[in-house]
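Fold and contact review
One letter stands for each residue in the lines below.
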Amino acid sequence: MNRCLILYSTTDGHTKKICDYIANNLDEVNKISVVNITSFNQKDLDNYDSIIIGASIRYGRHQNLLYKFINKNREKLDAKKNAFFTVNVVARKMEKNLPQTNPYMIKFLKLTKWKPQHLDVFAGRINYPKYGFIDKYVIRFIMWLTKGPTDTRGDFEFTDWDKVKSFAKIF
Ligand SMILES: Cc1cc2nc3c(=O)[nH]c(=O)nc-3n(C[C@H](O)[C@H](O)[C@H](O)COP(=O)(O)O)c2cc1C
C-alpha cells in the first residue's frame, strides 16, 4: 500500500495546480490526497507512506506555517519517502531553476533542519489582473528589473509542465 500526501502552501493557487498535476502523474500510488497545509490535520500524517510538500514564494519568503509544520513533524517526514519543491518566478531563469541555484531553495535549506530526499524548483505564474494595486505594481517593478513581462493586463504562466511531470515520475 502506498498512500501519498501532497501538501501545498499557496497564496494564489498556482502551487495547488502544480500539486494536482503531480497527483495525476504519480505511478504506483494507491491513494493520493492533495491538501492545503492550512487545513491539514497533523494527526493524519500517520495515514501516509510518502509525502510531497510544495510551497510558493511571496516577497522573498515561504509561509511561516510551512516552517512550523516541518519543525513539528520532522521525524515523521524523515520516516517517509519525501520530497519538497518551491515555486517562484526567478525560477523562470535557466540559471536559477535548480535546487542548487535557486535562491529560495538555498534559503529554505538554511532555515530548516529537514533534508528532503528529493528537491525541485518550478517557475510560477504572474496573473496581474488578479492582484490588488500594491502587489500588482510591486511585482511589475520586480519584473521590469529582471526583464520579465510588465503588461498588467497579462497572465503569464512560466511553469515547465514537462519538468513537473519528470519530478512526479522520479518520485
Ligand atoms: C505580491 C507578490 C510577490 C511575489 N514575490 C516574489 C518574490 O519575491 N520572488 C519570486 O521569485 N517570486 C515572487 N512572486 C511570484 C510568485 O512566487 C508566483 O506568482 C507563484 O506562482 C505564486 O504561487 P501561488 O499561486 O501558489 O502562491 C510574487 C508574486 C506576488 C503576486
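A brief look at the structure comes next.

The rules we used
- Residues numbered from 1 in each chain as written.
- Predicted model: local features only at pLDDT ≥ 70, side-chain atom pairs only at ≥ 80, totals over all residues.
- Helix = DSSP H or I, 4+ residues; strand = E, 2+ residues; numbered from the N terminus.
- Rg over C-alpha atoms; globule rule 2.2 N^0.38 Å.
- Buried ≥ 20, exposed ≤ 12 C-beta atoms within 10 Å, placed from the backbone.
- Contact = placed C-beta atoms within 7 Å.
- Core = buried A, V, L, I, M, F, W, Y, C linked by C-beta atoms within 7 Å.

1. Observations regarding the overall build of the chain
- Of the regular secondary structure elements, the chain holds 5 helices and 7 strands.
- Along the chain direction, N to C, the helices and strands of the chain fall in the order β-α-β-β-α-β-α-β-β-α-β-α.
- Compactness check: the chain gives a C-alpha radius of gyration of 16 Å against a globular reference of 16 Å for 171 residues, within 12% of the reference.
- Residues counted as buried form 32% of the 171 residues belonging to the chain.
- Restricting the contact set of the chain to residue pairs at least 6 apart, pairs at least 24 apart contribute 76%.

2. Points about the nonpolar core
- Counting 38 residues, the largest nonpolar core has I6, L7, I22, I52, F85 and F122 as the members making the most contacts within it.
- Elements supplying a minimum of two residues to this core: β1 (3-9), α1 (14-25), β3 (50-56), α2 (64-78), β4 (81-88), α3 (103-111), β5 (118-123) and α5 (161-170).
- For this core, the element with the highest residue contribution is β1, accounting for 5 residues.
- Leaving out residues up to four positions away in the same chain, F122 has contacts with I18, F85, V87, A91, T159, K163 and V164.

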